[in-house]
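# Structural characterization, general
Below, each chain spelled out in residue letters.
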Amino acid sequence: VDGMSTETVADSNEVLRCLQQGALCRTTASTDMNAVSSRSHALFALKIHQTRTVPTNEEEGDAPAQEFENLTAKLVFVDLAGSERLKRTGATGDRAKEGISINGGLLALGNVISALGDEKRKVSHVPYRDSKLTRLLQDSLGGNSQTLMLACVSPADRDFM
């Protein structure tokens, strides 16, 4: 994926530096609907590794033994560019291509969520590979993960025509 990088950090200040650096790389442009429209999705993933000492059962008189336990967690923050109606944005050229790509990624994400949420599981295949977005989010959407989604939606009637 263009512009994607991996950094090793040791503290929260370095994490914030990486987040700010990523925000500066985000593509924005003006459309008829939004003066500062996000022209791409953004993902910020934190993989946290912790090694801690685990108390052991020791016999009296024995030297204290130490065992270690490794814990790993992954937090993924995703800022999705909004779905757009091409006619409403007035986008042409590269802006139009970006809008089509944004909508394609959102459609693929919706299809994955629908497949995962189908309790009857009529669909045995989950289409993670239909977009770069869903491929990157594969381990965050299925399996042993917890997902929280926040949405900003427009209450304007004209956005639903």
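Higher on the page you've got the structure.
Residues numbered from 1 in each chain as written. Predicted model: local features only at pLDDT ≥ 70, side-chain atom pairs only at ≥ 80, totals over all residues. Heavy atoms only, no water.

In this fold, Ser131 is placed in the loop between helix H3 (94-117) and helix H4 (132-136). In terms of polar contacts, Ser131 uses its side chain to reach the side chain of Thr134, at 3.1 Å. Those residues in contact with Ser131 that sit more than four places away from it in its chain are Gly105 and Ala108. (Helix = DSSP H or I, 4+ residues; strand = E, 2+ residues; numbered from the N terminus. Polar contact = N/O pair within 3.5 Å; in protein donor to acceptor, adjacent residues only side chain to side chain. Contact = heavy atoms within 4.5 Å.)

So, about the pattern of salt bridges. One pass over the full model with this rule turns up two salt bridges. A salt bridge links Arg52 to Glu69, with the shortest nitrogen-to-oxygen separation between them at 2.6 Å. Taken together, the residues span a long stretch of sequence, with Arg52 in strand S3 (residues 42-54) and Glu69 in strand S4 (residues 67-79) at a distance of 17 residues. A relative accessible area of 40% places Arg52 in the partly exposed class. Between Asp139 and Lys74 there is a salt bridge, with its nearest N and O atoms 3.0 Å apart. Note that Asp139 is positioned in helix H5 (residues 138-141) and Lys74 in strand S4, a separation of 65 residues in sequence. Judged by relative accessible area, which is 46%, Asp139 ranks as partly exposed. Overall, Lys74 belongs to the partly exposed group, its relative accessible area being 35%. (Salt bridge = Lys/Arg side-chain N within 4 Å of Asp/Glu carboxyl O. Buried < 20%, exposed > 50% of the residue type's maximum accessible area, 1.4 Å probe, protein only.)

So yeah, pure geometry; function would need other evidence.
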